[in-house]
Amino acid sequence: MKIVVDRDLCDGIGMCQSMAHEFFELDDDDVMHVLDENPSEEFRGQLTAAINSCPVLALSLEG
């Protein structure tokens, strides 16, 4: 699976980081970075919850 970010939508709110800090990180300018774009399947539940928490719907999973 792959984490996909729509950079045009992302506002750097940080809900994803608070729910899955192993995969998402906000820098000092509130720009979100994906730390592991291709996580293993065992993290699907945690990532789905983090992605669903995004208030601007900037995140999705492929695969």
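Residues numbered from 1 in each chain as written. Predicted model: local features only at pLDDT ≥ 70, side-chain atom pairs only at ≥ 80, totals over all residues. Heavy atoms only, no water.

1. Remarks on the pattern of salt bridges
Under the criterion given, the structure shown has 1 salt bridge. Between E41 and R44 there is a salt bridge, with the nearest N and O atoms lying 2.4 Å from each other. Relative accessible area serves as the criterion here: at 48%, E41 is assigned to the partly exposed category. (Salt bridge = Lys/Arg side-chain N within 4 Å of Asp/Glu carboxyl O. Buried < 20%, exposed > 50% of the residue type's maximum accessible area, 1.4 Å probe, protein only.)

2. Focus: the packing of aromatic side chains
The full count for this structure, using the stated rule, is 1 aromatic pair. On the numbers, 5.1 Å between centres and 65° between planes, the contact of F23 with F43 is edge-to-face. Of this pair, F23 sits in the loop between α1 (15–19) and β2 (24–26) while F43 sits in the loop between β3 (32–34) and α2 (44–52), placing them 20 residues apart in sequence. F23 gets classed as buried once you look at its relative accessible area, which sits at 3%. For F43, a relative accessible area of 27% gives the class partly exposed. (Phe/Tyr/Trp six-rings, centres within 6.5 Å; stacked < 30°, edge-to-face > 60°. Helix = DSSP H or I, 4+ residues; strand = E, 2+ residues; numbered from the N terminus.)

3. Things to note about the nonpolar core
Ranked by internal contacts, the top residues of the largest apolar core, which has 14 residues, are F24, M32 and L59. If one sorts the elements of this core by residue count, α2 sits on top with 3 residues. In contact with F24, not counting residues within four places along its chain, are I3, C16, Q17, M32, H33, V34, L35, L47, A50 and L59. (Core = buried A, V, L, I, M, F, W, Y, C linked by side-chain atoms within 4.5 Å. Contact = heavy atoms within 4.5 Å.)

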